[in-house]
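Structural characterization, general
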Amino acid sequence: MAEYKILIVDDDDNICQLLKLYLVKEGFSTEICNNGLDAVKAVGKETYDMILLDIMMPGMDGYDTLSAIRKVSSVPVIMVSAKGEPMDKIGGLDTGADDYVTKPFEPQELISRIRAVLRRIKPAREEAKKDVSIGNLYIDISNYIVKVDDRKIDMPPKEIELLYYLATHPMRVFTREQLLKGVWDSDYKGDTRTVDVHIKRIREKLGEGKNWSLETVWRVGYKFEVTQ
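Everything numeric here is computed off the predicted structure, so don't read it as measured data.

Here we come to helix H2 (residues 36-45). If you check which residues of H2 are buried, you get Gly36, Ala39, Ala42 and Val43. All buried residues of H2 project into a common sector of 115° when viewed along the axis, lining one side. Turned more than 90 degrees off the buried face of H2, the exposed positions are Gly44 and Lys45. Buried positions along H2 lie against strand E1 (5-9), strand E2 (29-33), strand E3 (50-53) and helix H3 (62-70). Its side-chain oxygen 3.2 Å from the backbone nitrogen of Leu37, Asn35 forms the N-cap of H2.

Here you go:
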């Protein structure tokens, strides 16, 4: 599973595919949006570690897209644009970008800038992975420990990762495809029944929850429900 997932936003699909080629080669997983509106929607549904954002796009340009993204997410953003004037860069950084790269660019320079930004946010990213304690359920994701009523539960890593993913997004409904992307890999092409099998095993091992439950949402997917 790739450690970082990057969203590429550019209306030129040739550039998108070129960026994807370099990023995948460096071990990143990627998704592509060809306009700003789709990018804003994607950020509302998925979790990304970084966004590479073009400025000159029809409809919603990069500045407007970044402003909309910043209302819902603090995900790092590097603007990648042919607009290379100082005021363009200042405008991007003032809008909330973490860095600015001018086209045409050297692929290795862009990769270096991506890694530099990720190094800066890594401590906060790791800090965000806190233990979960809800009712009689406890998850220590750093050490892959799950307990119910202080009793340690034997679970393989992927089951723990799936449970943690759901528990850290309480009351949110996920489709099986979203869970495959979020827990396995953004480019995972496996059968969605994999999720069903893992959920079934998790339920069998955890038993009855206190103030929480793993719910099936008919014809949609699953959610981690928390009650008072």
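Reading across from one edge, E10-E12-E11 is the order of the three strands in this open sheet, with antiparallel pairing throughout. What marks the edges here is a single partner per strand, and that holds for strand E10 (174-175) and strand E11 (212-217). As paired strands, E10 and strand E12 (residues 221-226) are joined by two bridges and run antiparallel to one another. The partner of Thr175 across the bridge, within E12, is Gly221.

Next up on the list: the sheet that holds strand E5 (residues 99-102). Read across the sheet, five strands follow the order E2-E1-E3-E4-E5 without closing on themselves; strand pairing throughout is parallel. Two strands close off the open sheet at either side, each with one partner strand: E2 and E5. Averaged over all neighbouring strand pairs, the angle between strand axes comes to 20°, with direction disregarded. Bridging between strand E4 (residues 77-81) and E5 involves four bridges; their strand directions are parallel.

Before going further, it helps to examine the packing of aromatic side chains. Aromatic ring pairs are described here by two measures, namely the spacing of the ring centres and the angle between the planes. Tallying each qualifying case throughout the model produces three aromatic pairs. On the numbers, 5.2 Å between centres and 55° between planes, the contact of Tyr165 with Phe174 is tilted. Like Tyr165, the residue Phe174 is buried in the burial classification. Taking NZ or CZ as reference, Lys5 lies 5.4 Å from the ring centre of Tyr48, over its face.

Attention now goes to unusual backbone geometry. With omega at -10°, the peptide bond leading from Lys103 into Pro104 counts as cis. Look at Asp149: it is not a glycine, yet its phi comes out positive at around 55°. With respect to the helices, strands and loops of the structure, Asp149 is situated in the loop between strand E8 (145-148) and strand E9 (151-153). Judged by its relative accessible area of 45%, Asp149 is partly exposed. At Arg219, a residue that is not glycine, the phi angle is positive and equals roughly 65°.

The buried fraction of E4 amounts to five of the five residues, a majority that puts the element mostly inside the structure. Here three bridges tie E3 to E4, and the two strands are oriented parallel to one another. Following the sheet pairing, Ile51 is matched in E4 by Val77. Crossover handedness for the path E3 to H3 to E4: right-handed.

Tallied over the full model, the rule gives 13 salt bridges. Asp54 serves as the salt-bridge partner of Lys103, at 3.3 Å between the closest nitrogen and oxygen. In this pair, Lys103 sits in the loop between E5 and helix H5 (107-128) while Asp54 sits in the loop between E3 and H3, placing the two residues 49 residues apart along the sequence. Its salt-bridge partner being Arg113, residue Glu109 comes within 3.0 Å of it at the nearest N-O pair. In this pair, Glu109 and Arg113 are both assigned in helix H5, four residues apart and thus about one turn of the helix distant. A residue is classified by how much of its surface remains accessible, and Glu109, at 36% relative accessible area, is partly exposed. Arg113 gets classed as partly exposed once you look at its relative accessible area, which sits at 28%. Three or more residues joined by partner-sharing salt bridges are found here, namely Asp10, Asp54 and Lys103.

Rules behind the numbers
Along each chain, residue indices are assigned from 1 in the same order as the chain's sequence is written. The predicted origin of the model limits local features to residues at a pLDDT of at least 70 and limits the giving and counting of side-chain atom pairs to 80 or more, whereas totals for whole chains, interfaces and linings rest on all residues. Heavy atoms throughout the structure, all of them, feed into the side-chain values; hydrogens and water do not. Classification of residues uses two cut-offs on accessible area relative to the type maximum, computed with a 1.4 Å probe and protein chains only: under 20% is buried, over 50% is exposed, and between them is partly exposed. Helical segments are the DSSP runs of H or I of at least four residues, strand segments are the runs of E of at least two, and each set is numbered from the N terminus. Here the arc refers to the set of directions running from the helix axis out to each C-beta atom. Whether two residues touch is decided by their heavy atoms; if any such pair falls within 4.5 Å, the residues are in contact. As used in this structure description, the phrase polar contact means that two N or O atoms lie within 3.5 Å; if the pair is within protein, one of them must be able to donate a hydrogen and the other to accept it, and residues adjacent in sequence are counted only when both atoms belong to side chains. Strand pairing requires that DSSP identify at least two bridges connecting the strands. To define axes, lines are fitted to C-alpha atoms, for helices over the stretch in contact only, and angles between the resulting N-to-C directions are given on a 0 to 180 degree scale. Between the rings of Phe, Tyr and Trp (Trp by its six-membered ring), a pair exists once the centres lie within 6.5 Å; its type follows the angle of the planes, with under 30 degrees stacked, over 60 edge-to-face, and the other angles tilted. In our convention, an over-ring charge means Lys NZ or Arg CZ found within 6 Å of a ring centre and within 35 degrees of that ring's normal. Clockwise travel from the first strand over the helix to the second, with the strands pointing away from the viewer, marks a crossover as right-handed. What counts as a salt bridge is simple: a side-chain nitrogen of Lys or Arg found within 4 Å of a carboxyl oxygen of Asp or Glu.

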